[in-house]
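Coordinate analysis (summary)
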Amino acid sequence: MEAVRFDRYGGVDVLHVADVPTPEPSRGEALVKVKAASINPGEAKIREGLLHAMWPATFPSGEGSDLAGVVTKVGPGVESFVVGDEVIGFTDQRASHAEYVVVKAPNLTIKPAKVPWEVAGSLAIAGSTAYASVRAVSLTRGDSVAVSAAAGGVGSIAVQLATRAGAKVIGIASPANHEWLAARGVKPEAYGADLAGRLREARIDAFIDTHGGGYVKLAVDLGVSRDRIDTVADFAAAREYGAKAEGSSAALNASVLAELAALVASGDLEVPIAATFPLSDVRAAFSLLAKGHIRGKIVLLPS
């Protein structure tokens, strides 16, 4: 089978598609033919070596966590899935950017028929991160919450979940994304000049930072309670200011995936797809991600 590999830390040029043996599922695992697998900023940082202290790579390394596909084989002890099931899931083995991936059965959930493959393959990391961040700031009806990078992969989901919680949502994003945000009940605000003044007038109760770059300090300066500030991008600032840093690991499970998928299937949650690429164009996919200002998710389509 074909799978993305990199043999050393570096830029997109170290990525290549290799011919490797198709894995076999062990007890409690299923083999999934991958139909879609999104890419995430964290994967780029791991490949660049920026997260070596926390998540070192072992070379040659694969990559990818999100996935959606079709079960082609099950290992001993798997009773909740059968061959032919369409599933959404995740792997912690850096392996989903491939034609096939072995997944622990508890990390899978059935894909609703109305959820497109590219959306299903984008739910695990961005969806669980958004879910955890909204939960972390304890929103109640009538609260006002600001979300940075509000049209990005995580932010675009977080603003919708926050709106569903009854909050008044302010989405910080470039003007190109303001129309999209407004159409989903979010009040758009451009970053840059006098953002602090505009947010101060809005009297925000909570802040979700999906971008980094000083937003935690901004929220503190605005008087937001530190237990209602959550960042999924600036862990140093969370430690410095005593803010929360609850992200994917706090909500990455099949139950949350099923809940998010059901919202997509019912039309109550949109996961915008910025672009799709075949597996062979993985370098182009990550080059687009590196440009920033992407609305929603970039997805690899191995088959």
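The sections below set out a description of the structure shown in this document.

What counts and how
Residues numbered from 1 in each chain as written. Predicted model: local features only at pLDDT ≥ 70, side-chain atom pairs only at ≥ 80, totals over all residues. Heavy atoms only, no water. Core = buried A, V, L, I, M, F, W, Y, C linked by side-chain atoms within 4.5 Å. Buried < 20%, exposed > 50% of the residue type's maximum accessible area, 1.4 Å probe, protein only. Helix = DSSP H or I, 4+ residues; strand = E, 2+ residues; numbered from the N terminus. Contact = heavy atoms within 4.5 Å. Phe/Tyr/Trp six-rings, centres within 6.5 Å; stacked < 30°, edge-to-face > 60°. Lys NZ or Arg CZ within 6 Å of the ring centre and 35° of its normal. Pairing = 2+ DSSP bridges. Axes fitted to C-alpha atoms, helices over the stretch in contact; angles between N-to-C directions.

**Here's the deal with the nonpolar core**
When a protein is soluble and globular, its nonpolar side chains tend to lie buried together. L123, L139, V145, L161 and V169 are the most contacted members of the largest nonpolar core, which totals 41 residues. For this core, the secondary structure elements donating two or more residues are β5 (86-90), α2 (117-120), α3 (124-136), β8 (144-148), α4 (155-164), α5 (178-182), β11 (206-209) and α9 (254-266). Beyond its immediate stretch of four places on either side in the chain, L161 contacts A130, Y131, V134, L260, L263 and L269. One finds I172, L195, I204 and A237 within the second-largest nonpolar core, a separate group that totals 18 residues.

**Description of unusual backbone geometry**
When glycine is set aside, most residues are seen to have a negative phi, and most peptide bonds are trans. In this chain, F59 is followed by P60 through a cis amide linkage whose omega measures -5°. You will see that R203, though not glycine, has its phi angle at about 50°, which is positive. By the secondary structure assignment, R203 is in the loop between α6 (195-202) and β11. On the accessibility criterion, R203 (69% relative accessible area) is exposed. Even without a glycine there, the phi angle at H293 is positive, about 60°. Relative to the elements of secondary structure, H293 occurs in the loop between α10 (282-291) and β14 (297-301). Classification of H293 as exposed rests on a relative accessible area of 62%.

**Here's the deal with the packing of aromatic side chains**
Counted under the stated rule, the structure contains three aromatic pairs. An aromatic cluster of at least three residues, connected via ring pairs, comprises F6, Y9 and F59. In this structure, R47 packs its charged tip against the face of F286, placed 5.3 Å from the ring centre. Just above the ring of W117 sits the side chain of K111; from NZ or CZ to the centre is 4.6 Å.

**Side note on the sheet that holds β8**
Within a sheet, neighbouring strands are paired by backbone hydrogen bonds and run either parallel or antiparallel to one another. If you trace the five strands from one edge of the open sheet to the other, you get β10-β9-β8-β11-β12, paired in parallel fashion. The open sheet is flanked by β10 (187-189) and β12 (229-231), the only strands paired with a single partner. In this sheet, neighbouring strand axes are inclined to one another by 15° on average, regardless of whether the strands run parallel or antiparallel.

From the geometry alone we can't say anything about function, so treat these as descriptive.
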